[in-house]
Amino acid sequence: MSLRLLLIADSDSQLLACQALARSSEDHAVEISVNAIPRPGTPAAVLAALREIGPVWGLSLPQLLRDQRLEQFDAIGVYLTGSKLAEFRSSYHSTRKPLGGARLPLFCGFNGVVLERFEEAIAWRLGYDLICLNGPRDQARLAMLLRHTPFSAQRSVVWGAIASKPPARPLPPIGPGAWCLPNRWSCPLPQRSGVDWCGSWPAWPAGHPTGSC
Amino acid sequence: MNLGLVCQAEAGLRACLQLSLELQALGASVTLFTAEIPAPAMARDVPVIPLPPLVAASSELLMGLDAAGVFLEGAEMAAFRHVHGNAARLMGRAPVPLFTGPIRPLCGDALASDLLARLGYDLICLQGEAQQLELSWLLQGSRHHQQPHELIGLWCLPTQAIEVSPTAERVVLVHDQATIPPSPFANGVLYQRLRTIAQENPHWQVRLQPDTQLCTSTPEDPASWPETSLAWHHHQDGQPPTNLQLGLADDLPQALIQATACLGIASDWLLTAMVWGKPTAILGDYGIRTDFNGPLFFGSGAMHRLADCLPLDRLLELPRPNVQWLADRGWAIPDGASRLLRRLQELAR
């Protein structure tokens, strides 16, 4: 049984992050679809590259939230800028209320290494079922930021600086990888310890690929 | 111990005066080295030597101390240490142990930037556990990973217990930061909201309180005030409501003591308000903005939208701030000056 993911992005840098995520999952039983929110200036080449990986939709957020096909997925990954991330989560949850509140897990991450404004970026992402982080330092910063707050149970996973990786050149295996990373893209992460690595996903479908975690 | 504290700008001076008083109370002799002699009201109990920082760095006066605290910012930090080391070498003497630390309650990017300039000093004074954790991650894997440091609490702000005599008049103190929000328009909008609030809550005094001097050269001249301050907009207002008043920066500590409740976006003094038990609202209308020092207040439990504080009587029902968060900022450390003296005595041996 494969895991079906929908990735949502708008700007070209966010779409490239989706592309990197999709490519890194090629060795796993993961089916990825991408919704590229229409936006002037999105390079056609980026969309073309995404189409090689899986279906690419071009729905606006209101259209997407009404689309029945959302139910086909196991989880939704959202790659938007700060306020839009929070808006999507809020809107998605609102649209699910009339349906009895059943909803898919939402996850989000970063489209590159976070050099500054980490706290600000996290503030927009809180409340997602899973926040994907680049490395142990970001995870430690998250824990520092959230301790003693109502968000201290926020789930996170370290998946390496996946969006910063070049797509073509395979790398030799180095240490354990994050849940979606095949070994050739594994980052030199320490042995799992501390906060969640991969056992934190709520209601993860049975038989999902766990990679090296 | 015979100590010197070197500072320059207003924030550094306030912090150093605060620290001086605490160190003096423990028997240390403290002298301030600052380019300009502060107002007598500010520094009445602390001797001041008017020397620019880099002149002080090479001064014989500094060489005779047991240790010197250097509370400058940015590139001057490294310059001071180098000049002092060179001067000591030329004089054939050992450099005086130098200590330093953030002069404001910073976190995140602002803290990292501040700390990088202070690396290499004999001791870095941090405020609380939150800063300690950030320093640890900042230096992990670097050659500075053994940088000596000590937690000395919220030393840069007044947090000692105060006596409050309740007054019948209700006063909400609105902390006016000269450049936050950074646009005149946003400040104008906030001023208009506060104006309306004053009109709709006539049994409250709304006091706009600058938390620093609005202009260092001519603070009394409204024409010199920044348009990004509430004070500027108040001055432009031909007929402000009688219960919408403007305070003076020098009166801030006293105004805070007398306030019934406090409002602000990211003023450091909001921490003092919390410690003093004032109902405090951090205006969440602007979100967590790094350029507003918003990350500092993340987790405080004191962030509220302005609309949720109305009518102003609601301020009196605000929940207390998150005590564990406040403890992590440094409030949990009541003996900071003693800890500092202990570490300095070790360095001076």
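Whatever comes next refers back to the structure up there.
Note that the structure is a prediction, hence the values are computed from the model and not measured.

Engineer: Which residues make up the overall build of chain A, and what values go with them?
Structural biologist: On a plain count of helices and strands, chain A comes out with six helices and seven strands. Buried positions account for 52% of the 213 residues belonging to chain A. Considering only residue pairs separated by 6 or more positions, chain A has 64% of its internal contacts joining residues 24 or more positions apart. Roughly 9400 Å² of accessible area belongs to chain A as shown, and the carbon and sulfur atoms make up 55% of that amount.

Engineer: Describe the packing of aromatic side chains, with residues and values.
Structural biologist: Summed over the entire model, instances satisfying the criterion amount to eight aromatic pairs over all chains. One aromatic cluster is present, built from ring pairs that chain together B:Phe71, B:Phe99 and B:Trp155. Over the ring of A:Trp57 we find A:Arg69; its NZ or CZ atom is 3.9 Å from the centre of that ring.

Engineer: Hey, could you go over the packing of helix H6 (residues 136-146) of chain A against helix H6 (residues 129-139) of chain B for me, with residue numbers and the actual values?
Structural biologist: Between H6(A) and H6(B), the least distance of the axes is 11 Å, while the angle of their chain directions is 175°. Regarding the angle of H6(A) to H6(B), the classification is roughly antiparallel. Across from A:Pro136, A:Arg137, A:Ala140 and A:Met144 in H6(A), the residues of H6(B) making contact are B:Ala130, B:Leu133, B:Glu134, B:Trp137 and B:Leu138.

Engineer: Describe the nonpolar core, and please don't skip the residues or the numbers.
Structural biologist: Counting 74 residues, the largest nonpolar core has B:Leu23, B:Phe99, B:Leu263, B:Phe297, B:Leu315 and B:Leu340 as the members making the most contacts within it. Filtering out sequence-adjacent residues up to four positions away, B:Leu23 remains in contact with B:Leu3, B:Ala28, B:Val30, B:Ala337, B:Leu340 and B:Leu341. Within the second largest apolar cluster, 33 residues are counted, among which are A:Trp57, A:Phe118, A:Tyr128 and B:Phe298.

Engineer: Quick rundown of the pattern of salt bridges? Include the residues and the values.
Structural biologist: Scanning the model with the defined rule gives 23 salt bridges over all chains in all. Note that A:Arg96 is salt-bridged to A:Glu71, the shortest N-O span being 2.3 Å. On the criterion of sequence distance, the pair formed by A:Arg96 in helix H4 (residues 82-96) and A:Glu71 in the loop between helix H3 (61-66) and strand E4 (75-79) is long-range, its members being 25 residues apart. The buried category is assigned to A:Arg96, whose relative accessible area is 3%. With a closest N to O distance of 2.6 Å, B:Arg118 and B:Asp114 form a salt bridge. We classify B:Arg118 as buried; its relative accessible area is 0%. B:Asp114 gets classed as buried once you look at its relative accessible area, which sits at 11%. One network of salt bridges, in which partners are shared, links B:Glu150, B:Asp335, B:Arg339, B:Arg343 and B:Glu346.

Engineer: Any details on the interface of chain B and chain A? Residues and values, ideally.
Structural biologist: In this complex, chain B contributes 19 residues to the contact, which on the side of chain A involves 16 residues. Around 1500 Å² of area is buried between chain B and chain A when both sides are counted, 59% of it from carbon and sulfur atoms. Of all residues in chain B, the largest losses of buried area upon contact with chain A belong to B:Asp109, B:Trp137 and B:Phe298, amounting jointly to 40% of the total for that side. On inspection of chain B and its partner chain A, the count reaches three salt bridges. Between B:Glu129 and A:Arg147 there is a salt bridge, with its nearest N and O atoms 3.4 Å apart. There are six residue pairs in polar contact (both at pLDDT 80 or more) connecting chain B and chain A. Breaking the side of chain B that touches chain A down by element, the ones donating at least two residues are helix H5 (108-116), H6 and helix H11 (323-331) of chain B. Sorting elements by how many residues they give to the side of chain B that touches chain A places H6(B) first, with six residues. Class assignment for the residues of the side of chain B that touches chain A results in eight nonpolar, five polar and six charged.

Procedures and definitions
- Residues numbered from 1 in each chain as written.
- Chains lettered and ligands numbered in written order.
- Predicted model: local features only at pLDDT ≥ 70, side-chain atom pairs only at ≥ 80, totals over all residues.
- Heavy atoms only, no water.
- Helix = DSSP H or I, 4+ residues; strand = E, 2+ residues; numbered from the N terminus.
- Buried < 20%, exposed > 50% of the residue type's maximum accessible area, 1.4 Å probe, protein only.
- Contact = heavy atoms within 4.5 Å.
- Areas by Shrake-Rupley, 256 points an atom, 1.4 Å probe, with all protein chains shown as cover.
- Phe/Tyr/Trp six-rings, centres within 6.5 Å; stacked < 30°, edge-to-face > 60°.
- Lys NZ or Arg CZ within 6 Å of the ring centre and 35° of its normal.
- Axes fitted to C-alpha atoms, helices over the stretch in contact; angles between N-to-C directions.
- Parallel < 35°, antiparallel > 145°, perpendicular 65-115°, else oblique.
- Core = buried A, V, L, I, M, F, W, Y, C linked by side-chain atoms within 4.5 Å.
- Salt bridge = Lys/Arg side-chain N within 4 Å of Asp/Glu carboxyl O.
- Buried area = accessible area lost by both parts, 1.4 Å probe.
- Polar contact = N/O pair within 3.5 Å; in protein donor to acceptor, adjacent residues only side chain to side chain.
- Nonpolar A, V, L, I, M, F, W, Y, C, P; charged D, E, K, R; others polar.

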